[in-house]
Amino acid sequence: MSLSLSLSFDALSRVDGSARFGFGLYPQFLTSLSGPIEVRLAAEQPSQTTIEVNVRPLTNVPGTESKKFGVILKEVMQRQVIMEANPRTLIQFVVQALVPLRSNSKHTLNSDEIMAAMINCCTLSLLNAGSVPMRGVICAVSVARVIQVDKAFKYVVQPGDPNQASSCVAVGCFAFLFSEPEPKLSSEPSSASSPCVWTNWRFLRPGHADSSSGDESETAARKIWERMKMLVEERENLKTAPALSLKNASSSRSKANEANDAMVVENEDEDDDVKMEI
Amino acid sequence: MRPPSPSIPEKEFLFSALKQGLRLDSRDFLETRPVTLNFGPELGWVECSLGKTRVLCQVDAKMVKPPPERPFEGFITIHSELSPMASSEYELGRPSEEEVTITRMLDKVIRRSDVVDKESLCIQAAQRVWHLRINVHCLADSGNLLDCACLASLVALKHFRKPDVEVIGEEVIVHPPTSRAPLPLSLHHTPYCFTFAFFFDTSIPPVLDPNLLEQRLNGGLISIALNSQRELCVVQKSGGVPLEPADVLNIVNVAVQKAKDLDAFVEARLREDWAGRKVEVR
């Protein structure tokens, strides 16, 4: 299964961390993170930090749907951030959509893909900031369960619009928390499992309900996690962090299982000055 | 959340540097920060940056029924709201002074100065017109958000293409971009906005394109919007230290020259971007 991702750290000057993420060739979301910062008295909590997520669509004023995404993202981020570490402070996310969320062009996103991309983008911005203590790294993918001709189930990661595919029986987005350390030898598989911290798995047709959801989602999320680690590695070791190009993505996908020895060197130097300002 | 004011050492340092004719980022007094324009995959999407200040602008068009009092024209709405991404001092739902200034200035520069030919947006009189929506998102506020926002909206309007529409009798056919090439908007002129900051100490000449510190410590701001044909669209000076008429004329002359340069740059970037897109003519 091939995952085409576009992820990069941004350099917005007035916030603590910012990053872009997208499934496909172009970034779909830009998230900025400020925190821990001063909080309004009304929103202050005495023993834990307050998380605020604002989702802003590309077109139009933010409406009910944006509010819904914001509430879900807040829940997911609470699993990732160590809340007790900074009481009486605020961690403020702003998720800006870079593509129209509802359009009739060929790039329509379904809501699971949107959710997965937003979660990954928020995680990346937390990694970029480095100022918020985290329990682990949450990566999310959207999955659909498809009935094949021989009545067997197959799980497809990153499906297209599920309503059009008549063989889809269930869809959803899964978010996994990765926090185990790397195995010492690259031949050892990572032993600890990564728990699923959030899902909205739902069945589109009656009569197919069961609780299994396959391993494909976790494998795909792990690939995303490895890409994120590579991005952070690049940033820390080389002191330049140009956006990972698609060319790099295909080579890194094949090396995803050997993430320890894959150290990808980027040849784009033009973003040097931008990164030096941090 | 209120921003912390610049500290007294910063204030004194800035003023003494300016008195000696030096700007803290080593620019000339009348030099803008480097402008970069990045275009997205869709037409009408542009991210403009003026140094560290960044604004994203996207234009899209919807077909709607026109209001009865103006049946032969399309209309434009501009949506610009400052989010905490631009800076954590901006709160959602509470318009700050900066946000009000940007909204009003964008309205004056783009709508009231008639940049877009509204009659060309009409498809069928009194029944269907194009409603253009300009969405401006301020990504980072490092001083002079206003100029950046105006530039981004203008370039997005120039970059945008509307679908080709054919009216046969009563029937309206909208051709998708795959079958007929979309058309550019018909623009009357292209105004660019330049903001100058001046200070309480009147011996310091005005500076063009103030950065964050200069904007915080200013004694007044004057914004001039004009096009490269030397036509003034908007002159806005809201409060601040009084200026001599001679100073204002000097500023206008400087802005005229900058507008020409900026126009050449924008046209070159648009051409470059257009050449990079695969356009098939059958």
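As recorded in an unreviewed UniProt entry, chain B goes by the name Ribosomal protein S5 domain 2-type protein, listed as coming from Rhodocollybia butyracea. Among the UniProt annotations of chain B, the heading Sequence similarities (unreviewed entry) holds the following wording: "Belongs to the RNase PH family."

You'll find chain A entered in an unreviewed UniProt entry as Exoribonuclease phosphorolytic domain-containing protein, with Rhodocollybia butyracea given as the organism. Under the Sequence similarities (unreviewed entry) heading, UniProt states for chain A: "Belongs to the RNase PH family." Per UniProt, chain A carries the Subcellular location (unreviewed entry) text "Nucleus".

> So what's going on with the environment of Q28 of chain A? Which residues, and what values?
All names here are of chain A. Counting through the fold element by element, Q28 comes out in the loop between β2 (17–23) and β3 (29–37). Measuring from C-alpha to C-alpha, the distance between Q28 and M118 comes to 8.6 Å, with 90 residues separating the pair along the chain. Residues in contact with Q28, not counting those within four places in the same chain, are F21, G22, F23, Q96, A97, L98, V99, L109, E113 and A117.

> Before we move on, can you summarise the state of the cysteines with the specific residues and values?
Under the defined criterion, the tally for this structure stands at zero disulfides over all chains. Of all cysteine sulfurs in the structure, the one in C122 of chain A sits closest to C121 of chain A, which takes part in no disulfide; the separation is 6.3 Å.

> Describe the pattern of salt bridges, and please don't skip the residues or the numbers.
Throughout the structure, instances matching the rule amount to 27 salt bridges over all chains. Between R222 of chain A and E218 of chain A there is a salt bridge, and its shortest N-O distance comes to 3.2 Å. One end of the pair, R222 of chain A, and the other, E218 of chain A, are both in helix α3 (residues 216–238), four residues apart, so they sit about a helical turn from each other. The network of salt bridges with shared partners includes D10 and R20 of chain A together with E47 and R54 of chain B.

Rules used in this analysis
Residues numbered from 1 in each chain as written. Chains lettered and ligands numbered in written order. Predicted model: local features only at pLDDT ≥ 70, side-chain atom pairs only at ≥ 80, totals over all residues. Heavy atoms only, no water. UniProt positions renumbered as here; feature names shortened; annotations may be inferred. Helix = DSSP H or I, 4+ residues; strand = E, 2+ residues; numbered from the N terminus. Contact = heavy atoms within 4.5 Å. Disulfide = S-S within 2.5 Å. Salt bridge = Lys/Arg side-chain N within 4 Å of Asp/Glu carboxyl O.

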